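Geometric and topological summary
Read off the chains here:
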There are 4 protein chains.
Amino acid sequence: MQLGVIGLGRMGRIVVDRVLDAGHDVVAFDLDEEAVASAAEAGATPADSVVDLAERLGDEKRIWLMVPAGEPVDAALDDLGPHLTDDDVVVDGGNSHFEDSTRRAEETPAAYLDCGTSGGPAGAELGFSLMVGGPEWAYEELTPVFDAVATGPAGHDRMGPAGSGHYVKMVHNGVEYALMQAYGEGFELLANGRYDLDLEAVARTWNNGAVIRSWLLELCEEAFREEGTDLGDVDDYVAGGSTGTWTVQEALEQEVPVPLIYQALGERFGSRAREDGRFSRRLANRLRYGFGRHEVARREK
Amino acid sequence: MQLGVIGLGRMGRIVVDRVLDAGHDVVAFDLDEEAVASAAEAGATPADSVVDLAERLGDEKRIWLMVPAGEPVDAALDDLGPHLTDDDVVVDGGNSHFEDSTRRAEETPAAYLDCGTSGGPAGAELGFSLMVGGPEWAYEELTPVFDAVATGPAGHDRMGPAGSGHYVKMVHNGVEYALMQAYGEGFELLANGRYDLDLEAVARTWNNGAVIRSWLLELCEEAFREEGTDLGDVDDYVAGGSTGTWTVQEALEQEVPVPLIYQALGERFGSRAREDGRFSRRLANRLRYGFGRHEVARREK
Amino acid sequence: MQLGVIGLGRMGRIVVDRVLDAGHDVVAFDLDEEAVASAAEAGATPADSVVDLAERLGDEKRIWLMVPAGEPVDAALDDLGPHLTDDDVVVDGGNSHFEDSTRRAEETPAAYLDCGTSGGPAGAELGFSLMVGGPEWAYEELTPVFDAVATGPAGHDRMGPAGSGHYVKMVHNGVEYALMQAYGEGFELLANGRYDLDLEAVARTWNNGAVIRSWLLELCEEAFREEGTDLGDVDDYVAGGSTGTWTVQEALEQEVPVPLIYQALGERFGSRAREDGRFSRRLANRLRYGFGRHEVARREK
Amino acid sequence: MQLGVIGLGRMGRIVVDRVLDAGHDVVAFDLDEEAVASAAEAGATPADSVVDLAERLGDEKRIWLMVPAGEPVDAALDDLGPHLTDDDVVVDGGNSHFEDSTRRAEETPAAYLDCGTSGGPAGAELGFSLMVGGPEWAYEELTPVFDAVATGPAGHDRMGPAGSGHYVKMVHNGVEYALMQAYGEGFELLANGRYDLDLEAVARTWNNGAVIRSWLLELCEEAFREEGTDLGDVDDYVAGGSTGTWTVQEALEQEVPVPLIYQALGERFGSRAREDGRFSRRLANRLRYGFGRHEVARREK
């Protein structure tokens, strides 16, 4: 089958390569001409605009958007709109908010599949995990492409109607934050504990047969191998946070307590306040003087 | 009545002054001779050793220990031991662990009262809150002294048998940690929020009629008045933590979840790790590269 | 001066009474005719509609809304709108979201003051704490009324421009949730701990001189006095949660970690899931069988 | 080589079988004669007492204890003591506290290896992850046995001196609690969220290529497959907790905040208080009446 791919960044390019490898045809577009040229070298048909891509795909277009969440998705859909009919299928493989996806599913003339994509660039060879929301017929129509992009047939599934793919992906990411922080707590205790341990050896031993073995733990093992058991100059500064924030917001809506996910998100916020410090703790410092006349620790000027 | 006071630091001296003010006699001792001289000037009879103090008190000794928790309490009790009978009463007004207090109650020849003392140096004028554990007769015998040291008759009570006074004080302090951090979170949000607020004015308005008014909030108001709405050079470094740690340990024993108290204690630990940063978050930073090839924030050398 | 009061529920009626007591005139309206009649008996001039109330107030109207947050505020403002000019002042004394208040401040022809009101029905005699946002001139114009409704001049202040009053009140409530839960953790530990304690006596002793003394702790003391040390048949079900949810949402926006406030909110959610139990813990129960063949606790049918 | 195995419960029996399968000889003992007979059928030499086992092993004994943590380990060591020399090696493969292990390492006449064993009965076929503490020569001497019991050479490693094996295992379990609860929060949100999802399908899709794939997530998938997407009659009651408690206690000693691990442990405690409810929340319920005259939810008699 023939797939149009819009967005040839790291993730989009992996989609192109895996779909080509599976024997399908790809028409590829990106605002970055070099990315288009590179995809063409790999076997894709280059397009020089969204409109050009749409025209090259003919009737019954199948289009995969792999652009940054937010405005770029709407921009691509605006360009595509006039060229789409309800026989066409558009997949949004990015990290969109599920409410944007349900809105776009309603506004887009084509069938719309919101596709949560997990596995990251590092998962390029294995294939991704794809959580898909949208009309059943469209999901089935795209199955050959999903088979190619995912780890295989078991690596993708239709979660439910419009929005459900990105909804499940959002929650996936919330869990991911908590898992990372949970491993981090364990290693932090070991790093500050009673024994002088080789944390790479700890992680490797755990990855071979222990209950907590996982891909994230393999990445911990890799991190210790590459950075050293003390993580070298890796800073206490954790970027990102949008999907975790969305998860907590949705959990507030549903009145479901998610204290571990919240705490993991809060640690990210806390890591970014490190220079100035946490106001709450500065106040606690001062209050201890207030009632107990304990000395106030003060910053150097 | 006549009271022996051992330990004339900030808190011990307040005990001396309040007991003298109430018309009782005080025999005072401290390893620091100047502290003894100063208490003598205030009207106490000076003693030049624990033994001297014991001898000056005659039969039916009533002795208040106000020395640092731990070894100093045992040392004072060792010195007092040979001079005590079961007609005597010893009060430990410090922050001892309740299990030390139950042990000492068994080992000490006199009746033993463990007395949790709250209110801090700043509460000297108002009087303290005294949570007392130990034999009923001894508690009643000392009531005139408790009336004087506490805010009055309502400011002290017998909690139960040996250890219960320090037990209730331990939990008091655990709650104190959580209250401080709770106010801190509110002010941190206001300090980083959408409006340019005068936090002293906020605290003052709250202290006049709002549900969350409290003495700690009055201390917040004072802190903002004296340090400024941004807390000036007050550092993000919170010392202390022993009674909070004991509270969490006891809650683990009793299988009672105390997540707010735990979190408040953890913030103190976190504030002390600020230079090097939290290992857990450094690992999360690196893991984001591991799966997502996100750039790793690194420390400057 | 003359004040129109719309909404004569528990809180609105307290406003009427306190303003009348201070020697001002009140025109009162509520959808409930009995409430109007009762206010009239107390000395207010009754109005039989919002329009009637507006007409009775003449030029330079000063109107206090004390209706439930949300739709009722907008409905009252819609009715008032045609009768307002920019010489008039409308106060919203309810628990509105600050973003609704900024919107209403823009839409309302009169000067608009958003007034966070804390202290609750139980604070009727003492007066309330009022956190006011909006134009300075309007705040000053209403000062005699604020003096009467608040605990006095110290019990109200202008926080800043439109929305800031309800913003500060929102954070106040978030802190309130955490304080309640912090005291609750302490008493839960004492109730399950090593000593058989009289929790009313504990609370009373703490309220007299201890660092954690507060109005909420006085309410704890009252609760134990009225319900018994085991709280009798008081259920583990905590209603409410909107202002706490707003606080956490705003903290997410501002990337300020508020783990204690979050946890306190989550406990409310958790209390409401008690019948069916927490899904997360049910899964943990089952997973322990998965890896360890530990017996699975199952519900009776 | 020849290995004595004391303790033939589920885990001990797996040790026997894997060591036999690897071509070694096993002498097996358990207080339960049927367990001994069954091991004999599988190829082990039966022993009818600890002493008998010790005598059958001859010089240079290698003995694996797989008995419940605590008293049974000390009892077995007491029996073995007179028969051990410093050429012998004893392995404790159970979940002992690391401080017990360091004490036993000092008291036992033989070389002592504390061996944290993870993987559970369900990991019998794959082999376990073994974290070993103790003398290097003893670890190397036992390597053929560790190769057999573990997943292979990568599944075991010497962490460091006495106690370090059980120390690392303790932290492993603390992390395990947090991971389970993190997945639980995600699935709880999905179970209560906006879409009607098949949670087995979600878990399966995640296990194929998603960042959060892991063995625990495979066990989630299995749980949903076997119990249904709503977990059927699986109760909200999580047993266990000792190793998690130890982890938090050690983290308190080291002043390392582990809020996710703590929270996961607290959820277990909370699940066990479900009948009577949480006292803290009952108090919050009542306090809402105290300040706001909100109706108090009460239990049915």
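Residues numbered from 1 in each chain as written. Chains lettered and ligands numbered in written order. Predicted model: local features only at pLDDT ≥ 70, side-chain atom pairs only at ≥ 80, totals over all residues. Heavy atoms only, no water.

1. Looking at the interface of chain A and chain D
- Of the residues lining the interface, 71 residues belong to chain A; the matching set on chain D comes to 71 residues.
- Interface area for chain A against chain D, summed over the two sides, is near 6000 Å², with a carbon-plus-sulfur share of 69%.
- The tally of links from chain A across to chain D stands at six salt bridges.
- Across the chain A-chain D interface, the total number found is 26 residue pairs in polar contact (both at pLDDT 80 or more).
- Contributions of two or more residues to the side of chain A that touches chain D are made by α5 (98-107), β7 (129-133), β8 (156-160), α8 (164-191), α9 (199-207), α10 (215-227), α11 (242-254) and α12 (259-272) of chain A.
- Looking at the side of chain A that touches chain D, the element that brings in the most residues is α8(A), giving 17 residues. (Contact = heavy atoms within 4.5 Å. Buried area = accessible area lost by both parts, 1.4 Å probe. Salt bridge = Lys/Arg side-chain N within 4 Å of Asp/Glu carboxyl O. Polar contact = N/O pair within 3.5 Å; in protein donor to acceptor, adjacent residues only side chain to side chain. Helix = DSSP H or I, 4+ residues; strand = E, 2+ residues; numbered from the N terminus.)

2. Examining the relation of the copies chain A and chain D
- With an RMSD of 0.1 Å, chain A superimposes on chain D once it is rotated by 180° and translated 0.0 Å along the axis. Both copies are brought into coincidence by an operation consistent with a two-fold rotation axis. When C-alpha positions in chain A are compared against the rotation axis, the closest is assigned to A:Ser214, at 2.0 Å. (Least-squares fit on C-alpha atoms with pLDDT ≥ 70 in both.)

3. Description of the interface of chain D and chain B
- Taken together, the contact between chain D and chain B spans 20 residues of the former and 20 residues of the latter.
- Of the roughly 1700 Å² buried where chain D meets chain B, counting both sides, 68% is carbon and sulfur surface.
- When the buried area of chain D at its contact with chain B is split by residue, D:Leu252, D:Pro257 and D:Tyr262 rank highest and sum to 39% of it.
- For the interface between chain D and chain B, the tally reads two salt bridges.

4. Focus on the packing of aromatic side chains
- Counted under the stated rule, the structure contains 30 aromatic pairs over all chains.
- Seen in terms of ring centroids, A:Phe98 and A:Tyr167 are 4.8 Å apart; in terms of plane orientation they differ by 90°. Their pairing is edge-to-face. Highlighted residues: A:Phe98 in helix α5 and A:Tyr167 in helix α8, separated in sequence by 69 residues. Across the pair, A:Tyr167 and A:Phe98 agree in class, each one buried.
- Centre to centre, the rings of B:Tyr262 and D:Tyr262 are 4.2 Å apart; their planes meet at 5°, and the pair counts as stacked. (Phe/Tyr/Trp six-rings, centres within 6.5 Å; stacked < 30°, edge-to-face > 60°. Buried < 20%, exposed > 50% of the residue type's maximum accessible area, 1.4 Å probe, protein only.)

5. What to know about the sheet that holds strand β2 (residues 25-29) of chain A
- Strand order in the open sheet made by the eight strands is β3-β2-β1-β4-β5-β6-β7-β8 (chain A), with mixed pairing throughout. Bordering the open sheet on either side are β3 (45-46) and β8 of chain A, each of which pairs with just one other strand. (Pairing = 2+ DSSP bridges.)

6. A short note on the sheet that holds strand β8 (residues 156-160) of chain D
- Judged by pairing direction, the sheet is mixed, and its eight strands sit side by side in the order β3-β2-β1-β4-β5-β6-β7-β8 (chain D) without closing on themselves. Only two strands of the sheet have a single neighbouring strand rather than two, namely β3 (45-46) and β8 of chain D.
- For strand β6 (residues 111-118) of chain D and strand β7 (residues 129-133) of chain D, the ladder comprises five bridges, and the chain directions are antiparallel. Looking at the pairing, D:Ser118 lines up with D:Ser129 of β7(D).
- Across the sheet, α9(A) lies against β7 and β8 of chain D, angled at about 145° from β8(D), the strand it touches most. (Axes fitted to C-alpha atoms, helices over the stretch in contact; angles between N-to-C directions.)

7. Things to note about the UniProt feature "active site" (unreviewed entry) in chain A
- Here the UniProt-annotated "active site" (unreviewed entry) positions come out as A:Lys169 and A:Glu176.
- Position of A:Lys169 among the secondary structure elements: in helix α8.
- Dropping the residues within four chain positions of it, A:Lys169 is found in contact with A:Asn95, A:Gly116, A:Thr117, A:Ser118 and A:Met131.
- Residue classification places A:Glu176 among the buried positions, given a relative accessible area of 6%.
- Other than its neighbours up to four places away in sequence, A:Glu176 contacts B:Phe291, D:Val211 and D:Ile212. (UniProt positions renumbered as here; feature names shortened; annotations may be inferred.)

8. A look at the pattern of salt bridges
- Evaluation of the coordinates by the stated rule reveals 99 salt bridges over all chains.
- Residue B:Glu200 pairs with B:Arg225 through a salt bridge whose shortest N-O separation is 3.7 Å. Remark: B:Arg225 occurs in helix α10 (residues 215-227) and B:Glu200 occurs in helix α9 (residues 199-207); sequence separation between them is 25 residues.
- As a salt-bridge pair, C:Asp100 and C:Arg103 come within 3.4 Å of each other at their nearest N and O atoms. Taken together, the residues C:Asp100 and C:Arg103, both in helix α5 (residues 98-107) and three residues apart, mark about one turn of the helix.
- We classify C:Asp100 as partly exposed; its relative accessible area is 26%.
- What you see here is one network of salt bridges that share partners, running through A:Asp74, A:Asp92, A:Asp100, A:Arg103, A:Arg104 and A:Glu107.

9. Observations regarding the relation of the copies chain D and chain B
- Under the fitted operation, chain D is carried onto chain B by 0.0 Å of movement along the axis and a turn of 180°, and the coordinates agree to an RMSD of 0.0 Å.
- When the interface residues of chain D are mapped onto chain B, 100% of them are again interface residues, pointing to one common binding face.

10. Some points on the nonpolar core
- In this structure, A:Phe187, B:Phe187, C:Phe187 and D:Phe187 are the most contacted members of the largest nonpolar core, which totals 216 residues.
- Those residues within four positions of B:Phe187 in sequence are excluded, and the remaining contacts are A:Phe279, A:Leu283, B:Leu199, B:Val202, B:Ala203, B:Trp206, B:Leu217, B:Cys220 and B:Phe224.
- Counting residues in each nonpolar core, the second largest holds 32 residues, with A:Val16, A:Val89, A:Cys115 and A:Phe128 among its members. (Core = buried A, V, L, I, M, F, W, Y, C linked by side-chain atoms within 4.5 Å.)

11. Considering the UniProt feature "binding site: NAD(+)" (unreviewed entry) in chain A
- Those residues carrying the UniProt feature "binding site: NAD(+)" (unreviewed entry) are A:Gly7, A:Leu8, A:Gly9, A:Arg10, A:Met11, A:Gly12, A:Val67, A:Pro68, A:Ala69 and A:Asn95 in this numbering.
- Examined against the element boundaries, A:Arg10 turns out to sit in helix α1 (residues 10-21).
- On the basis of relative accessible area, A:Arg10 is assigned to the exposed category, the value being 52%.
- In this view, A:Arg10 contacts A:Pro121, B:Gly292 and B:Arg293; residues no more than four positions away in its chain are not counted.
- Relative to the helices and strands, A:Met11 is located in helix α1.
- Not counting residues up to four positions away in its chain, the partners in contact with A:Met11 are A:Met66, A:Thr117, A:Gly120, A:Pro121 and A:Phe128.

12. Considering a negative patch on the surface
Residues and elements named next belong to chain A.
- A contiguous patch of negative charge on the surface is contributed by Asp32, Glu33, Glu34 and Asp48.
- Structurally, the position occupied by Asp32 is in the loop between β2 and α2 (33-41).
- Under the relative-accessibility criterion, Asp32 is labelled partly exposed at 42%. (Patch = residues over 30% accessible without salt bridge, like charges linked within 9 Å, V, L, I, M, F, W, Y side chains within 5 Å. Areas by Shrake-Rupley, 256 points an atom, 1.4 Å probe, with all protein chains shown as cover. Lys, Arg positive; Asp, Glu negative; His and termini not counted. Charge placed at Lys NZ, Arg CZ, Asp CG, Glu CD.)

13. Considering the side chain of C:Glu200
- Classification of C:Glu200 by relative accessible area gives buried; the value is 18%.
- Other than its neighbours up to four places away in sequence, C:Glu200 contacts C:Glu221, C:Phe224 and C:Arg225.

14. A short note on the packing of helix α8 (residues 164-191) of chain B against helix α12 (residues 259-272) of chain B
Residues and elements named next belong to chain B.
- Interaxial distance between α8 and α12 falls to 8 Å at its minimum, and their mutual angle equals 75°. Regarding the angle of α8 to α12, the classification is roughly perpendicular. Residue-level contacts link Gly174, Val175, Tyr177, Ala178, Met180 and Gln181 of α8 to Leu260, Ile261, Ala264, Leu265, Glu267 and Arg268 of α12. (Parallel < 35°, antiparallel > 145°, perpendicular 65-115°, else oblique.)

15. Points about helix α1 (residues 10-21) of chain C
Residues and elements named next belong to chain C.
- Between the first and last C-alpha of α1 there are 17 Å, a value that for twelve residues agrees with the 16 Å anticipated at 1.5 Å per step.
- Along α1, the residues that are buried comprise Gly12, Ile14, Val15, Val16, Arg18, Val19 and Leu20.
- The inward-facing, buried residues of α1 abut β1 (2-6), β2 (25-29), β4 (62-65) and α7 (143-149).
- In the stretch just after α1, Gly23 is the one whose phi turns positive, near 95°. (Expected span 1.5 Å × (residues − 1).)

16. A word on the pairing of β2(A)
Residues and elements named next belong to chain A.
- Within β2, four of the five residues are buried, leaving the element largely enclosed by the surrounding structure.
- As paired elements, strand β1 (residues 2-6) and β2 share five bridges and run parallel to each other. The residue of β2 that forms the bridge with Val5 is Ala28.
- With α1 bridging β1 and the parallel β2, this β-α-β connection has right-handed handedness. (Right-handed = clockwise from strand over helix to strand, strands pointing away.)

17. Let's talk about the environment of A:Glu125
All names here are of chain A.
- Position of Glu125 among the secondary structure elements: in the loop between β6 (111-118) and β7.
- With a relative accessible area of 80%, Glu125 lands in the exposed category.
- Between the alpha carbons of Glu125 and Gly241 there is a distance of 26 Å; along the sequence they are 116 residues apart.

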